[in-house]
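# Examination of the molecular architecture
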Amino acid sequence: MGNRDAGRARRNLDFILLALLGVLLFLAAFQRQRWDSDIFWALKSGEWIFKNLAVPITDPFSHTAYGSPWIDFTWGFQVIARFFYAGLGGWYGLFFLQLTVTALTVFFLYLNLRLLCGGGKSWMVVPLLYLAFTASHGRFFIRPHLFEYLFVSVYLYILNLWEKNPSSRSIFILLPLQVLWVNVHSSFILGIFIAGAYVLSRFVEDVRKNGFRSDISAGLKIIAMVAFLLPAVSLVNPYGFRLVEFPFVHFTGENADALRYIDEWTMPGFKDLLFYFNPFALDVFAFKLLLSAALVSFVLNRRGLKPGGVLLFSAALYMAIMHNRWVQLFPWFVAPVIAAQAAAYPEGRTTGGGGKALRVAAILSAAFFAAALLYGFSAKGRENLGVGLKKGVYPEGTVSFINREGVRGNIYNEYIFGGYLVYNDIRVFIDGRTPTVYSPYLFWTARVAEASGRWPRLVEDYGIDMALVKTRHDFCGKLREDKNWAPVMFDDVSVLYLKRGGRQDGIIEKWGLESLDPCDNESRYKLPEDTDGLKKMRDEAKRVAGYFSSGDMAGRVARPLRMLGLVDTGLGGEYLPMAVEELGRAVEINDDPYTRYDLGVALGKLKRYDEAVESFKKAASAGFGKGYLGMGVEYYDMKDYKGAADMLEKYVEMAGDMSEREALSALGFSCFELKRFDCAGRNLKRAAFVTDDPKELGRIYYHIGNADLETGAYTEAAFHYARAIEVEPQYAGVLKALAEDLKKGGKTEAAQSVSRAISCQVEKRGEKEKEGEKGQKMSPQ
């Protein structure tokens, strides 16, 4: 193939990969909201600004900080988001906004890379684009930080354009852009830093060319003037200097302590980020490749090292190491730095065999990321595709209940629920504006009150009379045990408690949950053993499920249906068909592996084996190991002992010491039927240790003895046969018949071991009877 044909083939491949990148940008935006709840208070803030034609200067959304000073440092984003939300169809408008911002970010990076990688280096453009997208797409969700990526990308492009023509006045466009940035996101400080890095780079370049001279080049004068003016124009905002100083105040004093408890502000795992190698953790793998490429470019081009590039790289790496949220910012700084360093590397050194291999590896890496990302979005992440809220993530049901039933009062809420409450016009205890609105002390008291028993003090200090907590939080169980509080409603993620002895008593009387426990681990729910208890739970579960069966919550809440199905499964008999229907509806709403498992159990009890196996299979494929247990038990009931053994061995390997008794016994009996007697004995012994029912325990010991007999372990066989008779005397007759059969078959030693077991138990029984008679004679008359 000639050079012309090779060039055409590469351009065609680049076009295909760029088109696929466009598809990936669409898929990254076409995601149901499921991250945090900050977008909700942002939309409400934007609505407030439109309504009042002013920015808020005090908090209007909480009952704990109402009227306290508030610098809404992302007010510009709130206005933009509300405009798109209100004008373009709600969440569809936000989808379009995210797609626009992320596409522009990638577009300006593309322009920048094309600018820097001219001539024979153009092959680097597409691979670097893919690395940047892959390393950062995990934070492509609608929040103001998306504009941070966009502004970094635009600033670097404009400054690199200026470097090509230092006398150009186009660099002054950074001044109005800085005004826009400071009003959209507090990361505007990065714009000043980037300009400062280019001032340093221009100064060093001038010194290299001309030495230290008294006159300053025109290019350096221009860039220095812009860098000097950027902090000044940052004052053009509704809050003035208070907004400009915010990024510095935000990380100091008590605020720094509060940020340690907010995930995005915590430090990433240093070893995982820099040293752990896993090509299927795509974002971290891409981060490492960018980091490695940058370091290699510095080493190879050390004589022509650009100090501005080194400074940008070092700052971006430091931020990524310090806070989780800045890991995804790293690529937008570093990809242009790599391109700039590579562009300065002598052309002749990249045209040999090694250079060709590098180009092929780079294109292959882009193709790999394209395929892996497409698979991730379309196959593994298919349930997340769409527009609007993902079901089972936010407290939709309990918040709907609060508004529909007119529940009023001061609420205590989990931090993560705050934004959604603000969005629904409920004054909150706390939300994601911590610590910009709420004091670090308030955040501390909330954490300590849940863990240390200081809850009554918190209730008293803030006049709390309702609480919205996570279903799987330990605090949920503590509140249920507190007689001063009553659970009245729950959904997939939250439980609403009301305080007794006040204005909420009427709602408690109508909706209070006395028997049904709304707090539990999602993979296991404990049911009472008595029928009356189950029926009381059924009445309450049915009431809650019925509440969400109509109106705006129809088809949105799954957990009440799941719990109703679990109770009906526990009741059995005529309730089992209803259990299958209820669990099936729960799966339609929220197809999680735990509900799939529960559905399999109900189907198995109805002997609908094939459907049960299919349900268990889906539970297992979604990562719930008990799905293998379910499949194994169903196969065992179907007398498919090979299938049972395969599934149960997978389960036992995964569960280890936590393996359930049912799995161990079914696996042992399956192995016995397959004549795998070592496997049978090993698992049945473990099953015997965790079994209490005498009838089942006798059966297990009897089969352990049989397995021992088959392997020639006659002494062990005698011991286990004796244990079988001890817990279940009816096995004495069975074993007598077995001994006779063995004797007739010429298996004398085996027959003797069975006989010894019988004799041993006869002797023990005789001794017990003598002891009993002796005790009666000695007892007073």
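Just above, that's the structure.
Residues numbered from 1 in each chain as written. Predicted model: local features only at pLDDT ≥ 70, side-chain atom pairs only at ≥ 80, totals over all residues. Heavy atoms only, no water.

Going through the model one piece at a time under the given rule, you end up with 48 aromatic pairs. On the basis of an interplanar angle of 80° and a centroid distance of 5.2 Å, the ring pair of Phe-298 and Phe-313 is categorised as edge-to-face. In this pair, Phe-298 is assigned in helix H13 (residues 282-300) and Phe-313 in helix H14 (residues 307-322), connecting sequence segments 15 residues apart. Note on accessibility: Phe-298 and Phe-313 belong to one class, buried. Here the aromatic rings of Tyr-594 and Phe-624 are separated by 4.8 Å at their centres, their planes lie at 65°, and the arrangement is edge-to-face. Of this pair, Tyr-594 sits in helix H26 (residues 593-605) while Phe-624 sits in the loop between helix H27 (609-621) and helix H28 (626-637), and the two are 30 residues apart along the sequence. Members of the aromatic cluster, each reached through a chain of ring pairs, are Phe-40, Tyr-85, Trp-91, Tyr-394, Tyr-420 and Tyr-423. Over the ring of Tyr-547 we find Arg-404, and its NZ or CZ is 4.4 Å from the ring centre. Above the plane of the ring of Phe-443 lies Arg-447, whose end atom (NZ or CZ) is 4.7 Å from the centre. (Phe/Tyr/Trp six-rings, centres within 6.5 Å; stacked < 30°, edge-to-face > 60°. Helix = DSSP H or I, 4+ residues; strand = E, 2+ residues; numbered from the N terminus. Buried < 20%, exposed > 50% of the residue type's maximum accessible area, 1.4 Å probe, protein only. Lys NZ or Arg CZ within 6 Å of the ring centre and 35° of its normal.)

Turning next to unusual backbone geometry. Note that the residue after Thr-434, namely Pro-435, is joined by a cis bond; omega there is 0°. Position of Pro-435 relative to the elements: it lies in the loop between helix H18 (418-423) and helix H19 (440-452). With a phi angle near 65°, Lys-639 is a residue other than glycine that sits in the positive phi range. Tracing the sequence through the fold places Lys-639 in the loop between H28 and helix H29 (641-655). Although it is not a glycine, Lys-675 sits at a positive phi angle of roughly 65°. Within the fold, Lys-675 resides in the loop between helix H30 (661-673) and helix H31 (677-689).

Next up on the list: the nonpolar core. Counting 196 residues, the largest nonpolar core has Phe-330, Phe-333, Tyr-412 and Trp-455 as its most contacted members. Looking at which element gives the most residues to this core, the answer is helix H6 (residues 145-164), with twelve residues. Contact partners of Phe-333, with chain neighbours within four places excluded, come to Val-152, Leu-156, Leu-190, Ile-194, Leu-312, Ala-316 and Met-319. In this structure, Tyr-636, Ala-644, Tyr-731 and Leu-738 belong to the second largest nonpolar core, which totals 62 residues. (Core = buried A, V, L, I, M, F, W, Y, C linked by side-chain atoms within 4.5 Å. Contact = heavy atoms within 4.5 Å.)

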